[in-house]
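Descriptive analysis of the structure
Chain by chain, the residues run as shown.
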Amino acid sequence: GDILAGVLATGAYSYAGRKAGGATESLACKRFCEDNALNPVIMQRIQKMRIHLAKLAKQRLGNATGIAATTGKVLATMSPPTKLQESLLRQAIVSGLLDNVARRSPQARLGSDGETVPRSAYFSCKSSFAEPMFIDKKSVLSSRDHRQLPEWVCYDSLVRKTTKDGSTISTMRNVTPIDPSWLGSLAVGCKLLSLGEALDVPVPRYDGHRDSILCSVTTKYGDHGWILPPIQIRMDDALQQAGSKHIVEDDAYRWFARYLLEGKVFEELKGLKELLNSEPGIITRKKHESKITTLVSALSTNDVCSAEALTKHWANKDSKFLFKNLKSWVKKDKAPEAKKLWIGLVKSKISGSDNRNEI
């Protein structure tokens, strides 16, 4: 995109001079600008701004570990961004331009004035601006072949330009191609993002980092309801927002119970699954067995569907919580081994909880 092209040009400009100093550096930078059709005055101003920001970083970001924060200088030999870094930079760019997301028209269509809109045209995610937009010809993304243009972009600003026939069009400045799958997570809380009903595929999963059961939901973006890839949110949130024919109120506890017995909630229980007389997967198939009903009921009654909630319940209310339920799931000849595993887990979690409370 245009912004990343600017980043690469700035880095290459610094490398061309390599801090040779005096006339040598100035001459090298000037030649670089001439060879690459860049404005030397603007590039020099950008370089001065980078040096100024580096000094500020050292003064105000004492805990940071970057070159600028530790030295207060610009590294002239810094390597260009990797593919991963470019992806992260583009995500950072679109996160600040969520109102300026546009999508290319998939096929020729009629505009609001009844005229045919070319396939190279883009439309804003906001219905308040219905006019087709185009990528500026000076953009690094510009192409006469609409098939070479990215489908989704974000832009910094719009500029009116006069065409050869005297009409005016809206052109996008500083255009960045984006992956629509990013919008689901980057636009959380934005009014342009709308979440729909929960899906049964892919199946819900336990996320250890968020300590929650997550399920996938349908996702749309913008006033036109552009469909995005599904995103995963907390199952409780999915029920509160829209509900679904695929999940019911106690499903979060069912999935938590399953993953608890499968050893996916606590590392200490990884070996438990081999000691069980049934596959934990039957819990989410909603089979009517007493050991399933009592386990799910115990969790839902005490509102326990996360590792943190379970640990607090053991530490503050009942250290034997779920132990009786576990007995009906364990093979008789494996009971001593399962008991040792379970009690060891509970003791370690209670001990850890007490230490955190003291801190």
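None of the values given here were measured: they were computed from a predicted structure.

About the cut-offs
- Residues numbered from 1 in each chain as written.
- Predicted model: local features only at pLDDT ≥ 70, side-chain atom pairs only at ≥ 80, totals over all residues.
- Heavy atoms only, no water.
- Helix = DSSP H or I, 4+ residues; strand = E, 2+ residues; numbered from the N terminus.
- Rg over C-alpha atoms; globule rule 2.2 N^0.38 Å.
- Buried < 20%, exposed > 50% of the residue type's maximum accessible area, 1.4 Å probe, protein only.
- Contact = heavy atoms within 4.5 Å.
- Areas by Shrake-Rupley, 256 points an atom, 1.4 Å probe, with all protein chains shown as cover.
- Lys, Arg positive; Asp, Glu negative; His and termini not counted.
- Charge placed at Lys NZ, Arg CZ, Asp CG, Glu CD.
- Pairing = 2+ DSSP bridges.
- Core = buried A, V, L, I, M, F, W, Y, C linked by side-chain atoms within 4.5 Å.
- Patch = residues over 30% accessible without salt bridge, like charges linked within 9 Å, V, L, I, M, F, W, Y side chains within 5 Å.
- Salt bridge = Lys/Arg side-chain N within 4 Å of Asp/Glu carboxyl O.
- pLDDT = per-residue confidence, 0-100.
- Phe/Tyr/Trp six-rings, centres within 6.5 Å; stacked < 30°, edge-to-face > 60°.
- Lys NZ or Arg CZ within 6 Å of the ring centre and 35° of its normal.

**Looking at the overall build of the protein**
The number of helices and strands found in the protein is 12 helices and 13 strands. The C-alpha atoms of the protein give a radius of gyration of 29 Å, which is well past the 21 Å a tight globule of 359 residues would have. Oriented by its inertia axes, the alpha-carbon framework of the protein measures out at about 80 × 60 × 30 Å. Each of the 359 residues in the protein was classed as buried or not, and the buried ones make up 38%. In the protein, of all internal contacts separated by at least 6 residues, the share reaching a separation of at least 24 is 57%. For the protein, the exposed surface amounts to about 21,300 Å²; the carbon and sulfur share of it is 51%. In the protein, the 54 positive side-chain charges and the 38 negative ones have mean positions that sit 5 Å from each other.

**What to know about the pairing of strand β1 (residues 101-104)**
Relative to strand β6 (residues 152-154), β1 runs antiparallel, the two sharing 3 bridges. The residue of β6 that forms the bridge with Arg 103 is Trp 152. Two strands pair when backbone bridges link them, and β1 and strand β4 (residues 122-124) are joined in this way by 3 bridges, in the antiparallel orientation. Following the sheet pairing, Ala 102 is matched in β4 by Ser 124.

**A short note on the nonpolar core**
Judged by nonpolar contacts, the single largest core of 47 residues is most densely connected at Phe 256, Leu 260, Phe 266, Leu 310, Trp 314, Leu 322 and Trp 342. Every element with two or more residues in this core is listed here: β12 (212-221), β13 (226-234), α7 (235-241), α8 (251-261), α9 (290-301), α10 (307-316), α11 (323-327) and α12 (335-358). Broken down by element, this core gets its largest block of residues, 8 residues, from α8. Other than its neighbours up to four places away in sequence, Leu 310 contacts Phe 256, Leu 260, Phe 266, Val 304, Phe 321 and Leu 322. One finds Trp 152, Cys 154, Trp 182 and Leu 192 within the second-largest nonpolar core, a separate group that totals 18 residues.

**Side note on a nonpolar patch on the surface**
On the surface, Ile 67, Leu 75 and Met 78 cluster together into a nonpolar patch covering about 260 Å² of accessible area. Mapped onto the elements of the fold, Met 78 is located in the loop between α4 (67-71) and α5 (83-95).

**What about the environment of Lys 273?**
Considering the arrangement of structural elements, one finds Lys 273 in the loop between α8 and α9. The exposure class of Lys 273 is partly exposed, given its relative accessible area of 36%. Sequence spacing of Lys 273 and Leu 261 is 12 residues, and the spatial spacing of their C-alpha atoms is 6.2 Å. What Lys 273 contacts, discounting residues up to four positions off in sequence, is Leu 261, Glu 262, Glu 279 and Pro 280.

**Some thoughts on the confidence of the model for the protein**
The predicted model of the protein averages 89 in pLDDT, with 93% of residues at 70 or higher. Mean pLDDT across the elements of the protein bottoms out in strand β2 (residues 109-110) (56) and peaks in β6 (97).

**Looking at the packing of aromatic side chains**
Describing an aromatic ring pair means giving the distance of the ring centres and the angle of the ring planes. Per the counting criterion, the structure on display carries 6 aromatic pairs. Ring geometry for Trp 255 versus Tyr 259: centroids 5.7 Å apart, planes at 35°, classification tilted. One end of the pair is Trp 255 and the other is Tyr 259, both in helix α8 and 4 residues apart, which spans about a single turn. The same class applies to Trp 255 as to Tyr 259, namely buried. Ring pairs connect the aromatic residues Phe 266, Trp 314 and Trp 342, which therefore count as one cluster. The cationic tip of Lys 291 hangs over the ring face of Trp 329; the distance from NZ or CZ to the ring centre is 4.5 Å.

**Re the environment of Ser 105**
Looking at where Ser 105 falls in the secondary structure, it is placed in the loop between β1 and β2. The class for Ser 105 is buried, based on a relative accessible area of 1%. A C-alpha to C-alpha distance of 6.0 Å links Ser 105 and Ala 121, two positions 16 residues apart in sequence. If we skip the residues at most four places from it in the chain, Ser 105 touches Arg 119, Ala 121 and Phe 123.

**Looking at unusual backbone geometry**
Backbone phi values are negative for most residues with the exception of glycine, while trans is the configuration of most peptide bonds. Here the residue pair Val 201 and Pro 202 is connected by a cis peptide bond, since its omega of 0° sits within 30 degrees of zero. Its location among the elements puts Pro 202 in the loop between β10 (193-198) and β11 (205-207). Of note in the backbone geometry, Leu 322 takes a positive phi value of approximately 80° without being a glycine. You can call Leu 322 buried: its relative accessible area is 4%.

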